[in-house]
Amino acid sequence: MKSINRTICISLRVIRQITNDPRSTALIIIAPLIVTSLIGFSFIGQKEILNKITPALLGVIVFFFSFLVAGVSFLRERIEGTLERLLLLPVKKVNVITGYLFGFLVLTTIQTLIVLTYIIFMFDQGYNNISQVFVILMLVTITSVSLGIFVSTFARNEFQIIQFIPLIILPQIFLSGIFIPVGEMPQVLQLISEILPLKHTVFSLSQIMLHGKNLNNILPQLFALLGFASVCLAAGMATIKNRS
Amino acid sequence: MGQNKKEFLALEVDSLRFSYKNHLVLNGINLSISKGKIFGILGANGAGKTTLMKLITGQLNSQEGTIKVLGKPVSESKHSIGYMPQKHSLYQELSVEDNLKFFNQMYLGLSPFKSHSNVEEVLAFVNLIKFKKEKVLRLSEGMKQRLSLAIALVNSPDFLILDEPTVGLDPEIRSSFWAHFKNLTKTKKSLFISSHTMDDASHCDKLAFLRNGKIIAFGSPKELREATGKNNSSLEDAFLYFVKNN
């Protein structure tokens, strides 16, 4: 019970830290709404295009913002010495990482609810199996938060976390099928896209939201996302104490 | 040393050596500190004080030699230690009270909606009750220092390690800190304090002068002053005397 309490306390602390900081709150909630509005109003007369973009947009927003905010938050823990202080108490690494994950799962769920509600009501869109969307986004959050924690090991300041965006986020956006269908890309790029979590996220969300499929129909993608989440989680866990 | 005497020891360090890459930071440290005493370690910046503290708290693993805290190896005793690092190590976006409650909940494994009654008492001691709802990022450096000390105290540890606890404090608060440290020793709590000021050193029961990773002198402030062989010599004179003779 004590271990669970510690995990819950860390989750609540992560949520409170982010919500107490107006810039982080704006980054998580307002920035996605601005991006969504820009895209939504650009395609206001072309419902079909907007429909196709929404699943990809959701995946990218959750992946991008949870990677960035988790990476920066964890880097601050390392730089300011709070992580060192925390690990002197009877707190295990697993408490820290699961605390972060649960905290960000709450935040990304709220983020997704706001963005989806906004798209549905503002642009009069309709989607299937909304509840299953959250299962996919949960796996995406685990992957991106763990990746953020892992990457924070290699950064010395917040600016260096930003420098990882062109390396980790941008190639995934280009190769995920948002702009060009993956099948139309050169063979090499198709192979590379297979090892990128965002490609499987976009495909899974599109299948569920647009084509009425359910989780049983996208098991290979689901297992791939589970694999990415496990690998990133293990990498995040292994490096949690490094460079504190 | 006999078994009985060992039971009264808060800290035993034996032949401790530590290097960062090829740089030898601590070179054969031996220390025995009794329970219920204030021990001060003095040395210039880079002398090895913080490395020694990190080894005692288990943040670094010793490469050679042994360390026992309250009779147990570091791996078993680190949760009985209250540690105040040189950096404030606080959550800037949280309030003073939330920081203190969080570290208290983490230590005790309490539900997030409960915290130990000690929280208010410790806040009163560091004179931060009025600021308990204030976010840490709005506090002055001195206030952050006091909150950092409060976090080290909130779990009532038996052994306290304080890395330069009085740096940046005004004389009035510094004096109240020392009065409180002395009160803690009455309840058999032991304190290990690093400093580079002679004013802090004079408050300690025992002192060690650390230079280039070696202890060059050990004793009470009085013993160290007397070792210079001069009347009315200060601790600064004593420090310079040992530096010259080592």
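Residues numbered from 1 in each chain as written. Chains lettered and ligands numbered in written order. Predicted model: local features only at pLDDT ≥ 70, side-chain atom pairs only at ≥ 80, totals over all residues.

1. Comments concerning the overall build of chain A
For clarity, the cut-off: Segments assigned H or I by DSSP are reported as helices when at least four residues long, segments assigned E as strands when at least two residues long, and all are numbered from the N terminus. Throughout, radius of gyration means the C-alpha value; the globule benchmark is 2.2 Å times the number of residues raised to the power 0.38. Contacts are defined on C-beta atoms placed from the backbone: any two residues whose C-beta positions lie within 7 Å are in contact.
Of the regular secondary structure elements, chain A holds 12 helices and zero strands. Counting helices and strands in the order they occur from the N terminus, chain A gives α-α-α-α-α-α-α-α-α-α-α-α. For 244 residues, the compact-globule estimate of 2.2 N^0.38 gives 18 Å, and chain A sits close to it at 18 Å. Expressed along its principal axes, the backbone C-alpha trace of chain A runs to roughly 55 × 40 × 35 Å. Here the contacts in chain A between residues at least 6 apart in sequence split such that 82% fall between residues at least 24 apart.

2. A look at the pairing of strand β1 (residues 9–20) of chain B
All names here are of chain B. The following threshold applies: The rule for pairing is simple: two strands pair if DSSP sees at least two bridges between them.
Looking at chain direction, β1 and strand β2 (residues 23–34) are connected through nine bridges and run antiparallel. If you follow R17 over to β2, its bridge partner there is N27. In sequence, β1 turns back onto β2 through a hairpin of two residues, with K21 there showing a positive phi of about 50°. By the bridge criterion, five bridges tie β1 to strand β4 (residues 64–69) in an arrangement that is antiparallel. Across the sheet, R17 pairs through a bridge with E64, a residue of β4.

3. Description of the nonpolar core
Note the threshold: Here a nonpolar core is just a set of buried residues of the types Ala, Val, Leu, Ile, Met, Phe, Trp, Tyr and Cys, joined wherever their C-beta atoms sit within 7 Å. Residues are called buried when their C-beta atom has 20 or more other C-beta atoms within 10 Å, exposed when it has 12 or fewer, and partly exposed otherwise; all C-beta atoms are positioned from the backbone.
Formed by 131 residues in total, the largest nonpolar core has its most connected members in Y100 of chain A together with L147, A150 and I161 of chain B. Residue contributions to this core peak at 17 residues, all from helix α3 (residues 47–80) of chain A. The residues touching L147 of chain B, leaving out its near neighbours within four places in the chain, are L90, V96, N99, V126, L128, V136 and L139 of chain B.

4. With respect to the sheet that holds strand β5 (residues 72–73) of chain B
Reading across the sheet, the four strands line up as β2-β1-β4-β5 (chain B) and stay open at both edges, with antiparallel pairing between neighbours. Edge positions in the sheet fall to β2 and β5 of chain B, since each has one partner strand and no second.

5. Considerations on the interface of chain B and chain A
Basically, it comes down to this: Residue polarity is assigned by list, with Asp, Glu, Lys and Arg as charged and Ala, Val, Leu, Ile, Met, Phe, Trp, Tyr, Cys and Pro as nonpolar; anything else, Gly included, falls into the polar class.
Contacts between the two partners involve 23 residues from chain B and, on the opposite side, 22 residues from chain A. Breaking the side of chain B that touches chain A down by element, the ones donating at least two residues are β6 (81–84) and α4 (96–108) of chain B. For the side of chain B that touches chain A, the element with the highest residue contribution is α4 of chain B, accounting for five residues. For the side of chain B that touches chain A, the per-class residue count stands at 11 nonpolar, seven polar and five charged.

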